[in-house]
Amino acid sequence: MNLQQLLTQDVRTAATNEQILAELDNLTTAQQVKIFGRPRQVNNERQLAQYARKLRRYQLTDLATQIDQYAWLDWSAWMQQLLPGITASLTDLVFVLIHLTKFNYDQIKFLMVDELQDYQLDELQLVTMLFPRAKLTLLGDENQAINTNTPGFDQIVTQLQVQGKSAHLFELTKSYRSTQEVTTLFREFAVDKNLEMVSVQRHGQRPELRSSSDFASMLADLNQVLQQENSGSTAIVTLLPEMVESVYAGLKALTPTLALVKNGGMTTKQAVILPLTLAKGLEFDRVLLLDVSQAQLAVVTPERLNKLLYTGISRATKTVQLFASGTVHPTVTAAFQAIK
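Residues numbered from 1 in each chain as written. Predicted model: local features only at pLDDT ≥ 70, side-chain atom pairs only at ≥ 80, totals over all residues. Heavy atoms only, no water.

Enquirer: Would you mind showing me how to read the overall build of the protein here?
Expert: The helix and strand tally for the protein stands at 15 helices and 10 strands. Relative to the globule expectation of 20 Å for 340 residues, the C-alpha radius of gyration of the protein, 30 Å, shows a markedly less compact shape. Once the C-alpha set of the protein is aligned to its principal axes, its extents read approximately 90 × 55 × 45 Å. Looking at the protein as a whole, 41% of its 340 residues are labelled buried. For the protein, the share of sequence-separated contacts (at least 6 apart) that also reach a separation of at least 24 residues comes to 72%. Counting only carbon and sulfur atoms, one obtains 51% of the accessible surface of the protein, whose full area is about 19,600 Å². Distance between charge centres in the protein, computed from 31 positive and 33 negative side chains, equals 8 Å. (Helix = DSSP H or I, 4+ residues; strand = E, 2+ residues; numbered from the N terminus. Rg over C-alpha atoms; globule rule 2.2 N^0.38 Å. Buried < 20%, exposed > 50% of the residue type's maximum accessible area, 1.4 Å probe, protein only. Contact = heavy atoms within 4.5 Å. Areas by Shrake-Rupley, 256 points an atom, 1.4 Å probe, with all protein chains shown as cover. Lys, Arg positive; Asp, Glu negative; His and termini not counted. Charge placed at Lys NZ, Arg CZ, Asp CG, Glu CD.)

Enquirer: Can you walk me through the nonpolar core in this structure?
Expert: The tendency in soluble globular proteins is for nonpolar side chains to be buried side by side. Formed by 53 residues in total, the largest nonpolar core has its most connected members in Leu185, Leu222, Ile236, Leu251, Ile313 and Leu322. Among all residues touching leucine 222, those that are not within four sequence positions of it are Ile236, Val247, Leu251, Leu288, Leu290 and Phe323. (Core = buried A, V, L, I, M, F, W, Y, C linked by side-chain atoms within 4.5 Å.)

Enquirer: Looking at this structure, how should I read the pairing of strand β2 (residues 135-138)?
Expert: Side-chain positions along a regular strand alternate between the two faces of the sheet. In the sheet, strand β1 (residues 110-113) pairs with β2 via 4 bridges, with the strands oriented parallel. Bridge assignment links methionine 112 to a residue of β2, and that residue is threonine 137. Regarding topology, helix α8 (residues 121-130) serves as the crossover connection from β1 to the parallel β2, and that connection is right-handed. (Pairing = 2+ DSSP bridges. Right-handed = clockwise from strand over helix to strand, strands pointing away.)

Enquirer: Could you clarify how one ought to interpret the sheet that holds strand β7 (residues 260-262) in this entry?
Expert: Strand pairing in a sheet is mediated by backbone hydrogen bonds. Such pairs are either parallel or antiparallel. If you trace the 6 strands from one edge of the open sheet to the other, you get β5-β10-β9-β6-β8-β7, paired in parallel fashion. Strands with a single pairing partner mark the edges of an open sheet, and in this sheet they are β5 (208-212) and β7. Strand-to-strand twist across the sheet, computed as the mean angle between neighbouring axes with direction ignored, equals 20 degrees. Pairing geometry for strand β9 (residues 284-290) and strand β10 (residues 316-325), over 6 bridges, is parallel. Considered in β10, the bridge of leucine 288 is made with glutamine 321. Sheet strands touched by helix α11 (residues 215-226): β5, β6 (234-238), β8 (271-275), β9 and β10. Its angle to β10, the strand with the most contacts, is close to 155 degrees. (Axes fitted to C-alpha atoms, helices over the stretch in contact; angles between N-to-C directions.)

Enquirer: What's the story with the side chain of lysine 307 in this structure? I'm lost.
Expert: Structurally, the position occupied by lysine 307 is in helix α14 (residues 302-313). With sequence-adjacent residues up to four places away left out, lysine 307 is seen in contact with Glu142, Asn143, Ala145, Ile146 and Val191.

Enquirer: Just checking my understanding: could you explain the packing of aromatic side chains for this structure?
Expert: Two measures describe an aromatic ring pair: the distance that separates the ring centres and the angle between the ring planes. Applying the stated criterion to the full structure yields 3 aromatic pairs. With a centroid separation of 4.9 Å and an interplanar angle of 75 degrees, the aromatic rings of phenylalanine 36 and tyrosine 51 are classed as edge-to-face. Separated by 15 residues along the polypeptide, phenylalanine 36 in helix α3 (residues 29-36) and tyrosine 51 in helix α4 (residues 45-59) bring together distant segments of the chain. Take phenylalanine 36 and tyrosine 51: they sit in the same class, and that class is buried. Directly above the aromatic system of tyrosine 51 lies the positively charged group of lysine 54, at a separation of 5.7 Å from the ring centroid. (Phe/Tyr/Trp six-rings, centres within 6.5 Å; stacked < 30°, edge-to-face > 60°. Lys NZ or Arg CZ within 6 Å of the ring centre and 35° of its normal.)

Enquirer: Explain a nonpolar patch on the surface to me, please; I cannot follow it from the model alone.
Expert: On the surface, Leu3, Leu6 and Trp72 cluster together to form a nonpolar patch covering roughly 290 Å² of accessible area. Tracing the backbone through its elements, the reader meets leucine 6 in helix α1 (residues 3-12). (Patch = residues over 30% accessible without salt bridge, like charges linked within 9 Å, V, L, I, M, F, W, Y side chains within 5 Å. Salt bridge = Lys/Arg side-chain N within 4 Å of Asp/Glu carboxyl O.)

Enquirer: Please explain the packing of helix α2 (residues 18-25) against α4 as it appears in this structure.
Expert: In a pair of packed helices, the angle between the axes and the distance between the axes together describe the arrangement. At a minimum axis distance of 10 Å, the contact between α2 and α4 shows a crossing angle of 95 degrees. When the axis of α2 is compared with that of α4, the two are roughly perpendicular. Contacts between α2 and α4 involve Ile20, Leu21, Glu23 and Leu24 on the former and, on the latter, Leu48, Tyr51, Ala52, Leu55, Arg56 and Gln59. When the residues that make up the contact of α2 with α4 are grouped by side-chain class, the tally is 7 nonpolar, 1 polar and 2 charged. (Parallel < 35°, antiparallel > 145°, perpendicular 65-115°, else oblique. Nonpolar A, V, L, I, M, F, W, Y, C, P; charged D, E, K, R; others polar.)

Printed below as a string of structure tokens:
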């Protein structure tokens, strides 16, 4: 006998359970209205049994939910017994749960998934299992895949085809966010160097590359730029997350009254400083991107560096300025020379 059957049997025998009958007699009027929808009216044994079963069913609501959701099963321990010595991820456990319960959303006909470049192949397979009848629209920008080990879009198409789904890749080449000058710069870091990306926005200021002799000099230069008038939102975006604290502390030491928010949201009254991992998906009128020095970016692989720069620069809608605390990384230098 399974757990659901045991639960049903418990409810059926409520009318002969002395404890349940005693609890039924002790219910206040407010409790009766909450459980039964109205004060109880018992005229015979049959009605008494019905109320007893309703009360027991109400008492077991949470337990029934836990049984339905398999909350009673220790998935990690069960996986270890099934596959000894193998460490199961959360995604693995969900796969097993779906297979066991045959759970899915087969009533969903259309599904759109955004930020496709951030998904792993097993996560996408999980989506197709959960929505087996849905026609998928997958949106993303492969150039913004700043997380490590994410698959390319060609790999995603191949996996969908292996799963029996027809897949077609469409390239969207119009930039609706940034000025033509900003678009021209971040296009230099695209995965596909022949990508014909065009901006529908007006012309604006040319991107600027500012190089200083060291970190302290870069902060002084950055501080000076922040004092300039700017009518829109300003974001200081660090390519590497660990730089946020030192840049914030350094700027506050130079100008204690500086209106600067750390890891905050968009605002036109204060500049915000945040790592690219948080800025991703946001847009700002002015972006101050750092640090693009060769020393700071030496640990980043060439492929990931291009994606970091593409993503960081494309956060800007109007103007973008890149700052370096020493010799500028050759990849950045080459891009600026190309757009002259």
